[in-house]
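# Understanding the architecture of this molecule
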Amino acid sequence: MNLPNFITLCRILMIPFFINFLVYNYNLYAFGVFLLAGISDALDGFIARTSKKKTRLGTILDPMADKLLLSSSFLTMTIIQKMPVWVSIIVISRDIIIIIGALMLLLFYEGLNISPSILGKGTTLFQILYVILTLLFLVLEKDVAVLSPLLWITIGLTVVSGIQYIYIWFKLLNSNDKQS
């Protein structure tokens, strides 16, 4: 296992600590762990690109770590009643759809390069921003309702990017069916 994959694995192992801190109202620690996970995400990607240590495992493990961290964040904040249930349902449903779609494409089309769309990356950015600001508001003991406009933008992007992925996959599947 190379260094970037090890860092990604460490990010995954941070998730139970993040959840625990959030559930037990150690919001500053939860905020710190989430920021550390974000820094580790940037670091593992930087090391993998600059040292030419990109691996197939890393291309699967890195986005999976991101999805696990974000899904855990939304779900835990819903459980502690800092986020509406419907928000978690939308975010997690999109992630499940993306994971199932990517797995199906990998199973049926060997050697297919699956990469996130620009809209998908933007959605992830807004989800991270929303989680960071929510955590910051919890630390500062401010009302998270102030973040409603950002929440609606994030949810809108989440829904639209989920539809975009489904459209791209059906288009890809239809084009491959015609070639057969």
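Here, the structure is the one placed above.
In this text, all values refer to a predicted model and were calculated from it rather than measured experimentally.

Below, the discussion takes up the overall build of the protein. Each helix and strand in the protein was counted, giving 6 helices and 0 strands. For the protein, the α and β elements follow one another from N to C terminus as α-α-α-α-α-α. A compact globule built from 180 residues would reach a C-alpha radius of gyration of about 16 Å, and the protein, at 17 Å, matches this within 12%. For the protein, the C-alpha atoms occupy an extent of roughly 60 × 35 × 20 Å along the three principal directions.

Here we take up the nonpolar core. F18, F74 and L135 are the most contacted members of the largest nonpolar core, which totals 26 residues. Contributing elements (two or more residues each) for this core: α1 (3–23), α2 (27–50), α3 (56–79), α4 (85–108), α5 (118–139) and α6 (148–179). Counting 5 residues, the second-largest nonpolar core is a separate cluster that includes I98, Y109, Y165 and W169.

A few words now on the packing of α1 against α2. Any two packed helices are characterised by the angle at which their axes cross and by the distance between the axes. Taken N-terminus to C-terminus, the directions of α1 and α2 make an angle of 170°; their axes are 9 Å apart at the nearest point. The orientation of α1 relative to α2 falls into the category roughly antiparallel. Here α1 and α2 pass one another in a crossing that is left-handed. Partitioning the contact of α1 with α2 into residue classes produces 16 nonpolar, 3 polar and 3 charged.

Overall, the coordinates contain 6 salt bridges when judged by the stated rule. With a closest N to O distance of 2.7 Å, R11 and D44 form a salt bridge. One end of the pair, R11, is in helix α1; the other, D44, is in helix α2, and 33 residues separate them in sequence. The pair R11 / D44 is uniform in exposure class, with both members buried. Of the charged contacts, one joins R11 and D62 as a salt bridge, the two residues approaching to 2.6 Å between their closest N and O atoms. Taken together, the residues R11 in helix α1 and D62 in helix α3 connect sequence positions 51 residues apart. Counted as one network, the salt bridges with shared partners bring together R11, D41, D44, D62 and D66.

Within the secondary structure layout, G32 lies in helix α2. G32 sits in the partly exposed class, given a relative accessible area of 34%. In this structure, the C-alpha to C-alpha distance between G32 and L136, residues 104 residues apart in sequence, is 9.8 Å.

Examined against the element boundaries, T154 turns out to sit in helix α6. Residue T154 is classed as buried on the basis of its relative accessible area, which comes to 0%. Ignoring sequence-local partners within four residues, the contact set of T154 consists of F126, Q127 and Y130.

What follows covers α3. Over its 24 residues, α3 extends 35 Å from the first C-alpha to the last, a length consistent with the 34 Å expected when each residue adds 1.5 Å. Of the residues one or two after α3, Q81 is the one with positive phi, at around 65°.

Rules behind the numbers
- Residues numbered from 1 in each chain as written.
- Predicted model: local features only at pLDDT ≥ 70, side-chain atom pairs only at ≥ 80, totals over all residues.
- Heavy atoms only, no water.
- Helix = DSSP H or I, 4+ residues; strand = E, 2+ residues; numbered from the N terminus.
- Rg over C-alpha atoms; globule rule 2.2 N^0.38 Å.
- Core = buried A, V, L, I, M, F, W, Y, C linked by side-chain atoms within 4.5 Å.
- Buried < 20%, exposed > 50% of the residue type's maximum accessible area, 1.4 Å probe, protein only.
- Axes fitted to C-alpha atoms, helices over the stretch in contact; angles between N-to-C directions.
- Parallel < 35°, antiparallel > 145°, perpendicular 65-115°, else oblique.
- Left-handed = near helix turned anticlockwise from the far one by under 90°.
- Nonpolar A, V, L, I, M, F, W, Y, C, P; charged D, E, K, R; others polar.
- Salt bridge = Lys/Arg side-chain N within 4 Å of Asp/Glu carboxyl O.
- Contact = heavy atoms within 4.5 Å.
- Expected span 1.5 Å × (residues − 1).

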